[in-house]
Amino acid sequence: MMLPKVVESKAGTMRASSNQLLLTTLAAAAAAAQLCCAAAAPTINLSNLLGSSTSIPAYERILSQPVFQVTTPWGSPYMLFEKYKDEEKALETESGVQDDEDMDKFSRVQQKDDMQDTRPISLYFMDEHDARALADEMKQMKHMKDSDLRITCSSLGKAVRSASHLGRGLPTGQGIDDTTGKILTMDDGGSLRHKIVPSKRELFYAARCVGRERVGCFGDSPNEDADLLLQPQDVIEANKMQSRRASKKNTARRVQKARQLEKEGLVESPEDRLRREYAHMEGQVGLPVFYSEGLMRKPPVLRRLFQGAKSAWTTSSLTPLYFSYEDLMKDWSIMRERSNNKNKIPEKPPKVEVFNMIDVVTSIDKDQWKAQRRSELVRDQKGLVGKIPVIHNLIKTGKKGVTKKSGLEKVVFVPSSLGIQAKERISAAGSMKTRLRPMRAWGKNA
C-alpha cells in the first residue's frame, strides 16, 4: 500500500537553535501539564475492538508521543530569548508575512546596548538528549549553577496546540492588569510563544530518505544534508539562513522551469516536483515521520475471528508512520522474522519515505472535516428522518456516490521507543518536590 500523495504542505517554522538563544532565569508562570509523567494505572483501550482507532481526531493520534522541556522543579518552563536578526525581519517584510497592522502581534524586547532584538519563547524538544544538552548549556552560566533544572515530559498534542498559537502567543497565568482589565503584553510576561524542536538524530536519518525536501533538506545530495546535520548548531543555522535568503529566487526559477517543461510536453522529475511543492520549507526544518511500503499493522485477533482474516486485513489494516527511523527498521526485521515467506522479503526496506508530521496531521484533519460535511448534507436531504441517529442509516436517498479514499484514514503514529523510555525514567524518578501547601494548625495546636 502506498501512502497517498495528497498530503498538503503547510508553511511554518519549526526550528530553534540553542546557540541562537539568550537564556534567562525567568520562568513562565504557567505550569506545564504532567500528562505523560503522571504515575497513573494503565487504562484498557477497547476502541479498536469493534470500532476503528483512526476515527479519533488527527491531533489526538499524536498524544502518545512524548516531548520534553527544561523546567523548574514545579514544571514551569524556562523562558528563552530568541535572537531576532535584522536579516530575518527584512526577509519577512519582503515576503509580506507582516504588515503595519500585525506588527503588534510580533512584539519584541526593547534594544539594549549591543543586544539584538529578541523574542521570548518556550521550547518543546522531540528528543530528550537535545533537551538535556540545553539544560547543560544553561548550567554553564554563573547565575544558573545552583538552579534546580529539570527535564519534564508532556504530550506532543499539547505541544502542537501550544505552538500553533503564534502571534501574541498563549497566556502564562500572570495576573490581569487591575487598571485596564487586560492581560499583560508579551514583553511584560503576560504571554509566551512555544516552538517544537525536531530531533537532530531523526533529521540525520530523514536527510537520506525519499522526500527529504518535506522536512527542509534541499542539499544537492542526501550525503550533503546528512553531513550538515552533524555540524554544530551555529553552523547549521548559518547554512539555513543562506537558504532562506535564496529561497525566493529558487522558487521562481523552479516554477519557470516547470512551465517550460509543460510547454515542451516533458514530465517533471519527482525530485524537482517535490522541491517546487515544498519550496516554503527551504531553509526551514520540519518534524519527520517515516513510512515504508509493505509495513502494516496487523488487525486485532478478535476482529480477525469475527470478520475473517482476509476481510480484516482489507478493512482494518493500518498504515504506521514512525517518529523514529530506528523503530521502523526494527519492526521491519521483526516482521521479516515472523513471516512465512522470509526469503522473499529483503533484510532492509527497499525504500523509506519521510513526511512532515504537520502536513500529515492537517491533511487528516481536512479529510475528516470533508467526510463529516458530506454526512451532514446527506442527513439534510432526508429531512426529519435524517435527524434520527439510527433510522437515517436504514433509509437511502438517490444514488450513493463512490467517495475515493485517500488512504489517510488508515494512518496511525508510532511513538519513539527512546522517548517512551525517557518518559518512564522521568516518571519513575519523580519531581521530589511536593505541591501541597503547609497544613494549617488545628485542634490543640491552633
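As the structure is a prediction and not an experimental result, all values here were calculated from the model.

J.: Pulling in residues and values, what's your account of the overall build of the chain?
T.: A count of helical and extended segments in the chain gives 12 helices and 11 strands. Evaluated residue by residue, the chain yields a buried proportion of 41% over its 446 residues. Within the chain, counting contacts between residues at least 6 apart in sequence, those at least 24 apart form 79% of the total. When the accessible surface of the chain is split by element, carbon and sulfur atoms take 54% of a total near 26400 Å².

J.: Give a detailed account of the packing of aromatic side chains, specifying residues and quantitative values.
T.: Across all of its chains, the model carries four aromatic pairs by this definition. Relative to tyrosine 205, the ring of phenylalanine 204 has its centre 5.8 Å away and its plane inclined at 65 degrees; by these criteria the two rings are edge-to-face. Centre to centre, the rings of phenylalanine 323 and phenylalanine 413 are 5.9 Å apart; their planes meet at 35 degrees, and the pair counts as tilted. Of the two residues, phenylalanine 323 is situated in the loop between strand S9 (319–322) and helix H10 (325–338) and phenylalanine 413 in strand S11 (residues 411–414); the sequence distance between them amounts to 90 residues. Summarising the burial analysis for this pair, phenylalanine 323 and phenylalanine 413 share the class buried.

J.: Now, about empty space enclosed by the protein: what can you tell me, with residues and values included?
T.: Overall, the coordinates contain one cavity of 30 Å³ or more when judged by the stated rule. Taken as a whole, the largest cavity holds about 50 Å³ of empty space. Forming the walls of the largest cavity are Gln69, Val70, Pro77, Tyr78, Leu80, Ser122, Leu123, Phe125, Leu134 and Met138. Where the lining of the largest cavity is concerned, the elements lending two or more residues are strand S2 (66–71), strand S3 (78–83), strand S4 (118–125) and helix H2 (128–139). Classifying every residue of the lining of the largest cavity gives eight nonpolar, two polar and no charged.

J.: Before we move on, could you go through helix H6 (residues 233–263) and cite the residues and values that matter?
T.: For H6, which comprises 31 residues, the first-to-last C-alpha distance of 43 Å matches the rise-based estimate of 45 Å (1.5 Å per residue) to within 8%. At serine 247, H6 shows its largest bend, some 45 degrees. Those residues of H6 that sit buried are Ile236, Glu237, Lys240, Met241, Arg244, Ser247, Asn250, Arg254, Ala258 and Leu261.

J.: Explain the pairing of strand S10 (residues 352–356) to me, using residue names and the numbers behind them.
T.: With five of five residues buried, S10 lies mostly within the body of the structure. Covered by surrounding structure in S10 are Val352, Val354 and Asn356 together with Glu353 and Phe355, the residues of both alternating faces. Pairing geometry for strand S8 (residues 288–292) and S10, over five bridges, is antiparallel. Each bridged residue has a counterpart across the sheet, and for proline 288 the counterpart in S10 is asparagine 356.

J.: Explain the pattern of salt bridges to me, and be specific about the residues and the numbers.
T.: A full pass over the atoms with the stated rule returns 16 salt bridges. Note that arginine 425 and glutamate 128 form a salt bridge whose closest N and O atoms lie 2.6 Å from each other. Taken together, the residues arginine 425 in helix H12 (residues 417–429) and glutamate 128 in helix H2 connect sequence positions 297 residues apart. A residue is classified by how much of its surface remains accessible, and arginine 425, at 46% relative accessible area, is partly exposed. For glutamate 128, a relative accessible area of 6% corresponds to the buried category. Taking the shortest distance from any N to any O, the salt bridge between arginine 214 and glutamate 353 comes out at 3.3 Å. With arginine 214 in the loop between helix H4 (200–206) and helix H5 (222–229) and glutamate 353 in strand S10, this residue pair connects regions lying 139 residues apart in the sequence. A relative accessible area of 3% places glutamate 353 in the buried class. Through salt bridges that share partners, Arg212, Glu213, Asp225, Glu271 and Arg275 make up one connected network.

Parameters and conventions
Residues numbered from 1 in each chain as written. Predicted model: local features only at pLDDT ≥ 70, side-chain atom pairs only at ≥ 80, totals over all residues. Heavy atoms only, no water. Helix = DSSP H or I, 4+ residues; strand = E, 2+ residues; numbered from the N terminus. Buried < 20%, exposed > 50% of the residue type's maximum accessible area, 1.4 Å probe, protein only. Contact = heavy atoms within 4.5 Å. Areas by Shrake-Rupley, 256 points an atom, 1.4 Å probe, with all protein chains shown as cover. Phe/Tyr/Trp six-rings, centres within 6.5 Å; stacked < 30°, edge-to-face > 60°. 1 Å grid on protein atoms, 1.4 Å probe; cavity = no way out; pocket = protein on both sides within 12 Å on 5 of 7 lines; lining within 4 Å. Points joined across faces, edges and corners; volume = space filled by probe spheres on them. Nonpolar A, V, L, I, M, F, W, Y, C, P; charged D, E, K, R; others polar. Expected span 1.5 Å × (residues − 1). Bend = angle between axes of the 7 residues up to and from the residue. Pairing = 2+ DSSP bridges. Salt bridge = Lys/Arg side-chain N within 4 Å of Asp/Glu carboxyl O.

Don't take any of this as a statement about function, it's just geometry.
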